[in-house]
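An overview of the molecular structure
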Amino acid sequence: MELGNRINITQCAGSDGWDSVEIKAGERKLNCTYQIKQQITIRLGKPYNDTITIETTDPISDKGDIAQFARDMLYTAELRHESNRKQTIVRHSEEFRYTILPLWFEREAYKARHRAKEQDMRKVAKRDLTAGKIDLKSYNDFIRALNSGVKDDDYIDDIKDYNHRLQCELCKISASNDFHFSYRDIERLLGKNIWEKSLEIKEYHSKEITTQMMNTIARNLECFNRLYNIDSEHITIKQIRDDYDAITTAGFGNVILTAVLYKEGKIRAIMAIDDNQGRMALCHLVDKERLSELLPKRAYNAVTREEHIALESVVRTDIIPRETIIIE
C-alpha cells in the first residue's frame, strides 16, 4: 500500500495495553493497534539455578527502582520454583508411590520407634526413682543425657543410610537442588490418609517368626502392658510362642509399629509403640469397637485419641557421599 508523501497519523492510548493508530494518506486509510513489549532475562543463582524471561509493557526500570525490581524477581522466582517442584512430584508419581514413599515412611517409623524407646526409658527411670532403686542425682543425670539429644552411633548410622538412599532416589528422577516434599504434598497428590493406606500388614504363624522379630514383639508388648497398667510381668519369647499361634504386624520395612497376637483365631493381646505412629497403626489394624473390648477405658482413650501424622520433610541436597574405587 503506497501512502504517498502526505500522511496524517492519529494515535489513541488504549486501556487494555494496546494503543490504536489511524493512518490517512489521501483517500486511503489504515487502522491498527500495537503493543510494545520489552524483555528481561534473568539468570538465577542459588538456590534456584534457573533462567527466567519476563516480557513487560512497562518501561524497564533504571537503577532507581532496583529494590522493587528485586522484590518482583524474588516473587517470580519462588512461584517458578514452587511450580517446578509440584510438577516433579506429579511427573514422577509412580516412583514416589512405589519407591520413595515406602523408604521415607520406613525412615520416619524408625525414628518413631527410637522416640518410643527413649520415652519408655524415662518412665522406667521414674519408676526406679519412686521405688528407691536409684537416687535423685542418678535420675537427673540420666534424664539430662536423654534431653541432650545425643544419639548412639548405630542410630546415627542408620539415619544416615536412610537419608543417603532417599537422596539417591531423588537423583534418579533428576530432582533439582533444594527440591523438597512434605506429607501435605503427598496427600495432595495421592489422597488423604496415604500413610495409613501404605502400612505394610504382615501375618505370621508364631513358630515361623525369627528370634530377632520375636524379641522385638516381646519387648514392645511388655512396654505396652506396663504403660497402660495391663500387666507388669516380664514377657519372654517362649511365652509368646506358647500362648499365641499367629501374629499380625503393621509397619514399614523392618520397623514394626504395632502387632496383634491371636490364639485359635481370636485376638488375645495387642501392642503398639508409645508414639502417635504406633497408636495410629494400631487403630488401623483393629477397629475401635474391638479395641474398647480389649483395653481398659484409660488405655482405650489414650490409644484412640485423634492425632495427626507428623513426618519430617525430605530435602534434596548435593551432598551425597560416593564410594571411591582405587585401582593400583
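Along each chain, residue indices are assigned from 1 in the same order as the chain's sequence is written. Two thresholds apply to this predicted model, a pLDDT of at least 70 for residue-level local features and 80 or more for giving and counting side-chain atom pairs, whereas whole-chain, interface and lining totals are computed over all residues. Side-chain metrics in this entry use all non-hydrogen atoms of the structure; hydrogen atoms and water are not considered.

By the criteria applied, helices consist of DSSP H or I runs no shorter than four residues and strands consist of E runs no shorter than two, each listed in order from the N terminus. Scanning the protein for helices and strands turns up eleven helices and eleven strands. The buried share of the protein, reckoned over its 328 residues, is 36%. The long-range fraction of contacts in the protein, counting pairs at least 24 apart against all pairs at least 6 apart in sequence, stands at 58%. Only the protein chains shown count as cover for residues, with accessible areas throughout obtained via the Shrake-Rupley method and a probe of 1.4 Å. Looking at the protein as shown, the accessible area adds up to about 21,100 Å², and 49% of this sits on carbon and sulfur atoms. Burial classes: relative accessible area under 20% of the type maximum marks a residue as buried, over 50% as exposed, and values in between as partly exposed (1.4 Å probe, protein chains only). Contacts are assigned to residue pairs with any non-hydrogen atoms lying within 4.5 Å of each other.

Looking now at the state of the cysteines. By convention in this document, the label disulfide applies to cysteine sulfur atom pairs within 2.5 Å. Using the criterion set out here, one finds zero disulfides in the structure. In this structure Cys168 is a free cysteine whose sulfur lies 6.2 Å from that of Cys171, the closest cysteine sulfur available.

Turning next to the environment of Leu129. One can find Leu129 in helix 2 (residues 93–130). Along the backbone, Leu129 and Asn140 are eleven residues apart, and their C-alpha atoms lie at a distance of 9.9 Å. Look past the residues within four positions of Leu129 in its chain and what remains in contact with it is Ile134, Asp135, Leu136 and Tyr139.

Looking now at the confidence of the model for the protein. Regions with low pLDDT carry predicted coordinates that are not meant to be interpreted in detail. On average, residues of the protein score 85 in pLDDT, and 89% of them are at 70 or above. Between residues 321–328, whose pLDDT stays under 50, and residues either more than four places distant or in other chains, the model counts one contact. Confidence of the prediction at every residue is given by pLDDT, a number between 0 and 100.

Here we take up helix 2. Spanning 38 residues, helix 2 covers 53 Å between terminal C-alpha atoms, matching the ideal 56 Å at 1.5 Å per step. To get the bend at a residue, fit one axis to the 7 residues ending there and another to the 7 starting there, then take the angle between the axes. A maximum bend of about 45° is found in helix 2 at Ile100, where proline Pro102 lies one to four positions downstream. Looking one or two residues beyond helix 2, the residue adopting positive phi is Gly132, at roughly 80°. Under the convention used throughout, the expected extent of a helix is 1.5 Å for every residue step, that is, one less than its residue count.

With that out of the way, let us pick up the sheet that holds strand 3 (residues 28–34). Between any two strands, at least two bridges found by DSSP are needed for them to pair. Across the sheet, three strands lie side by side as 1-2-3; this open sheet has antiparallel pairing. Every other strand in the sheet has two partners, leaving strand 1 (8–12) and strand 3 as the edge strands with one partner each. Taken over all neighbouring pairs, the strand axes of this sheet differ in orientation by 15° on average, direction set aside. Note that strand 2 (residues 19–25) and strand 3 share seven bridges and pair antiparallel. Counted as the bridge partner of Ala25 is Arg28 from strand 3. Between the N-to-C directions of two axes lies an angle of 0 to 180 degrees, each axis being a line fitted to C-alpha atoms and, for a helix, fitted only over the stretch in contact.

Two measures define how a pair of helices packs: the angle their axes make with one another and the distance between the axes. Axis separation between helix 9 (residues 276–285) and helix 11 (residues 297–304) bottoms out at 8 Å; the angle between their running directions is 100°. Taken together, the axes of helix 9 and helix 11 lie roughly perpendicular to each other. Here Arg279, Leu282 and Cys283 of helix 9 lie close against helix 11, whose contacting residues are Ala302, Val303 and Thr304. Throughout this entry, Asp, Glu, Lys and Arg are counted as charged residues, while Ala, Val, Leu, Ile, Met, Phe, Trp, Tyr, Cys and Pro are counted as nonpolar. The remaining residues, Gly among them, count as polar. Here the contact of helix 9 with helix 11 is built from residues that sort into four nonpolar, one polar and one charged. Any angle that is under 35 degrees is reported as roughly parallel, and any over 145 degrees as roughly antiparallel; angles of 65 to 115 degrees are reported as roughly perpendicular and all others as oblique.

Let us now look at helix 9. Across the ten residues of helix 9, seven count as buried, placing the element largely inside the fold. Inspection of helix 9 places Asn276, Gln277, Gly278, Arg279, Met280, Ala281 and Leu282 among the buried residues, and these make up the whole buried set. Polar contacts here mean pairs of N or O atoms no more than 3.5 Å apart (in protein, one a potential hydrogen donor and the other a potential acceptor; neighbouring residues in sequence count only if both atoms are side-chain atoms). The backbone nitrogen of Gln277 lies 3.0 Å from a side-chain oxygen of the residue at the head of helix 9, namely Asp275.

Time to look at the sheet that holds strand 10 (residues 266–272). Across the sheet, four strands lie side by side as 7-8-9-10; this open sheet has antiparallel pairing. Edge positions in the sheet fall to strand 7 (200–205) and strand 10, since each of these pairs with one other strand and no more. Put simply, the sheet's adjacent strands are angled 20° from each other on average, direction ignored. Bridge count for strand 9 (residues 255–263) against strand 10 is six bridges, and the pairing is antiparallel. Paired with Thr258 across the bridge in strand 10 is Ala272. Taken strand by strand, helix 2 contacts strand 8 (246–252) and strand 9, and its axis lies near 75° from that of strand 9. Contacting strand 7, strand 8, strand 9 and strand 10, helix 7 (residues 211–227) crosses the sheet at an angle of about 85° to strand 10.

By the secondary structure assignment, Leu257 is in strand 9. Owing to a relative accessible area of 0%, Leu257 belongs among the buried residues under this scheme. The spatial distance from the C-alpha of Leu257 to the C-alpha of Ile217 is 9.7 Å, given a sequence separation of 40 residues. In contact with Leu257, not counting residues within four places along its chain, are Ala109, Trp195, Leu199, Ala250, Gly251, Phe252, Ala272, Ile273, Gln277, Gly278 and Ala281.

Here we take up the pattern of salt bridges. One speaks of a salt bridge when a side-chain nitrogen belonging to Lys or Arg is within 4 Å of a carboxyl oxygen belonging to Asp or Glu. A full pass over the atoms with the stated rule returns 26 salt bridges. Between Glu82 and Arg85 there is a salt bridge, with its nearest N and O atoms 2.7 Å apart. Separated by three residues within a single helix, Glu82 and Arg85 lie in helix 1 (residues 66–91), roughly one turn from each other. Residue Arg188 is joined to Asp185 by a salt bridge in which the shortest nitrogen-to-oxygen separation is 3.2 Å. Residue Arg188 and its partner Asp185 are located together in helix 5 (residues 183–190), separated by three residues, close to a single helical turn. Asp185 gets classed as buried once you look at its relative accessible area, which sits at 9%. Sharing partners across several salt bridges, the network here consists of Glu82, Arg85, Lys86, Asp185 and Arg188.

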